[in-house]
Amino acid sequence: QAAAGGGRAGLRACGVHNVCRLLTRRAHGFYARDAGVAHRKNLGLLRKIMCQESTKFKNVWTTHSASPIAYERGRIYMDNYQCCITSIAQQPRLIYQKSKCAKSEKIEDALLLECPLGEMLPNPSDYKASLIVLTVQNWLLRLSADSGEVLEKVYLAGSCCKFFRYLSWDTPQEVMIVKSAQNKLPAAARQAGIQQTVLFYLAVFQVLPLSFIGMLEINKKIFGNSVTDVAVSNGILIVMYSMGLVRLYNFKAILEQFMEQPFDLGQEFNWNGQVGVVGKYPFGLPCNIKITDTPPLLFEASSLENAFQIGGYPWHYIITPNKKKHKGVFHICSLKDNALAKNGIQDMKCCSLEPDWIYFHPDMSGRIIHVGPNLIKVLKLKEVKNHADQMEIAEDFTIVANRENCANNSVTVTASGRVVKKRFPLLDDDPEQETFKIVDYEDELDLLSTVAVTQIGADGRAHLDFHCNEHGSLLKSIPLKESWDVTYSHEVYFDKDLVLHIEQKPNRRFSCYVYQMVCDTARDD
């Protein structure tokens, strides 16, 4: 009653008498005592400062390495995660440097683990960020993000599997999946007629506190002979087949239906003649989820190269018809009845070496981003007029590459007056024309970022642009100082006031360029 009374008093004080208006004002941060209001205001100020004309991004640090470089939430990892550098300081500085590890301790994959809000955790170290890593010898380690100290360790592989290689989230920061490499028999065993029926193993963990849910196998006898890969996301088991077929199953229902016996980490067990401790060497984890029958099928679709995405509101999915001639053509269909949306066939008709790509917008707005060499379309789902049960795809806004000085003329005249005719037209992603290479979304600042590249001779120039996520208008353009070779692999991270560019050159040479926001004052000059 006191809370209700306080709420009514607050309503009267601010002159709001409508619940809908109150909720809207609360979402916009009108009430200083609401959680997150100060944070939202600070991010709003940061966005305004960042997009000012006087604000520049300066290359403050550059490094090169013979091993891969990774970036996770303000931390740069090098030397197979043995070296950690913070990028938050005015100039990146070393957090920790561990001694070089043996090949048997090589890290195969890693995930950053952050403390959930509003939960009581058993250990003080659980409230700080940590890194979960998977080693080549099938150890799952939880490391302190600040010191690299091993906080927890679990041995994964018992007698069933020897090659766990991949980490992923089922539910981000809650449920983690550890996947094995695909089991393949040696050539001699295949020639001898030995059959391999188990294709993959999946180990499932709850995180913070780290606890074992179960391990299951993906078997040919249950899912078919042509399975090529599996994944788990948002409670859905996704099984992919060689002929382009994608099948979805309820992963939570599989765990509940086929769980033979639950186990806890550190628990002594006697399982199928084995006696040991769960998660300890040499026994590892028991395979305690045995799928004995094909689970109920939720959905299936056929798509070129197994490309399949779900999103939007109401739920829709995106596929490419399963024929090579349809590469670059995308169909947007209703998940409810498989009906193709009005204007649901998206085809940019690109003539390019690299295909265009499409995906649901990560801002949870239900929109769709379609990226071509010189055009970015942001699409939205909306009801067809006078047909509430049918949806259509409409254009929300577009972003166009700057190609004013790159006219594709088939005839040119040299300085001496000689007429030169081009035998072939330029490709849409010709390096000499500005071409989109990366599109990303910064959720905390609500900005859409794009990287566009122009190659002039041997020298490539790139710039990172910030666009309004709501309307697409250009707010800021940042030139990248280093040369950009379009034949190399590139990653660009935009994280609040930080821009980080990781480049992979031939022969496993890696470079990292860090840019930070600075005020362009006379003193700085």
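Please read these numbers as outputs of a predicted model, since none were measured by experiment.

**Quick look at the overall build of the protein chain**
Counting secondary structure elements, the protein chain contains 6 helices and 36 strands. Counting only residues that meet the buried cut, the protein chain has 44% of its 525 residues in that class. Sequence separation of 24 or more characterises 47% of the internal contacts of the protein chain that already satisfy a separation of 6 or more. Carbon and sulfur atoms provide 52% of the accessible area of the protein chain, an area that totals close to 28900 Å².

**Some remarks on the sheet that holds strand β2 (residues 70-72)**
The strand order across the open sheet built from 4 strands is β2-β3-β4-β5, with neighbouring strands paired in antiparallel fashion. Strands with a single pairing partner mark the edges of an open sheet, and in this sheet they are β2 and β5 (93-97). When strand polarity is set aside, the average angle formed by the axes of neighbouring strands in this sheet is 25°.

**Considerations on the confidence of the model for the protein chain**
Averaged over every residue, the pLDDT of the protein chain is 87; the share at 70 or more is 88%. Predicted confidence is poor over residues 1-8, with pLDDT under 50, and the contacts of this stretch with residues over four places away or in other chains come to 0 contacts.

**Some words on the packing of aromatic side chains**
Inspection of every chain in the model, using the stated rule, returns 13 aromatic pairs. With a centroid separation of 5.2 Å and 45° between ring planes, the pair formed by Y71 and Y493 is classed as tilted. Here the residue Y71 occupies a position in strand β2, and Y493 occupies one in strand β34 (residues 489-495), the gap between them amounting to 422 residues. A relative accessible area of 7% means that Y71 is categorised as buried.

**What about helix α6 (residues 251-258)?**
Of the positions making up α6, those classed as buried are F251, I254, L255 and F258. All buried residues of α6 lie within an arc of 100° about the axis, which places them on one face of the element. Facing away from the buried surface of α6 by more than 90 degrees, the exposed residues are K252, E256 and Q257. Of the residues that open α6, the one with a side-chain oxygen 3.1 Å from the backbone nitrogen of K252 is N250.

**Re helix α3 (residues 37-50)**
Between its terminal C-alpha atoms α3 stretches 20 Å, which fits the 20 Å expected from 14 residues at 1.5 Å a residue. Of the residues making up α3, those classed as buried are V37, L43, L46 and M50. Elements in contact with the buried residues of α3: β1 (55-65), β31 (447-456), β32 (459-468), β33 (474-480), β34 and β36 (509-519).

**Considerations on the sheet that holds β36**
Pairing in this open sheet of 4 strands is antiparallel, and the strands run β1-β36-β35-β34 from one edge to the other. What marks the edges here is a single partner per strand, and that holds for β1 and β34. Going from strand to strand, the sheet's axes swing by 15° on average, the running direction of each strand aside. In terms of strand pairing, β34 meets strand β35 (residues 498-505) through 7 bridges, oriented antiparallel. When the bridges of β35 are listed, V492 appears paired with H501.

**As for the environment of S233**
With respect to the element layout, S233 can be found in strand β14 (residues 227-233). When the C-alpha positions of S233 and F251 are compared, they lie 8.8 Å apart, and in sequence the two are 18 residues distant. In contact with S233, not counting residues within four places along its chain, are W169, D170 and I238.

**Some points on the pattern of salt bridges**
Inspection of every chain in the model, using the stated rule, returns 16 salt bridges. One salt bridge connects E114 with R73, and the closest N-O pair in it is separated by 3.5 Å. You can see E114 sitting in the loop between β6 (107-113) and β7 (130-135) and its partner R73 sitting in the loop between β2 and β3 (75-78), a full 41 residues away along the chain. Here the salt bridges share partners, and the residues they tie into one network are D363, R367, K380 and D396.

**Observations concerning the UniProt feature "transmembrane region" (unreviewed entry) in the protein chain**
Mapped onto this numbering, the UniProt entry annotates "transmembrane region" (unreviewed entry) at residues 198-218 and 230-249. Secondary structure content for residues 198-218 is 0% helix and 81% strand, and the end C-alpha separation is 6 Å.

Rules used throughout
Residues numbered from 1 in each chain as written. Predicted model: local features only at pLDDT ≥ 70, side-chain atom pairs only at ≥ 80, totals over all residues. Heavy atoms only, no water. Helix = DSSP H or I, 4+ residues; strand = E, 2+ residues; numbered from the N terminus. Buried < 20%, exposed > 50% of the residue type's maximum accessible area, 1.4 Å probe, protein only. Contact = heavy atoms within 4.5 Å. Areas by Shrake-Rupley, 256 points an atom, 1.4 Å probe, with all protein chains shown as cover. Pairing = 2+ DSSP bridges. Axes fitted to C-alpha atoms, helices over the stretch in contact; angles between N-to-C directions. pLDDT = per-residue confidence, 0-100. Phe/Tyr/Trp six-rings, centres within 6.5 Å; stacked < 30°, edge-to-face > 60°. Arc of directions from axis to C-beta. Polar contact = N/O pair within 3.5 Å; in protein donor to acceptor, adjacent residues only side chain to side chain. Expected span 1.5 Å × (residues − 1). Salt bridge = Lys/Arg side-chain N within 4 Å of Asp/Glu carboxyl O. UniProt positions renumbered as here; feature names shortened; annotations may be inferred.

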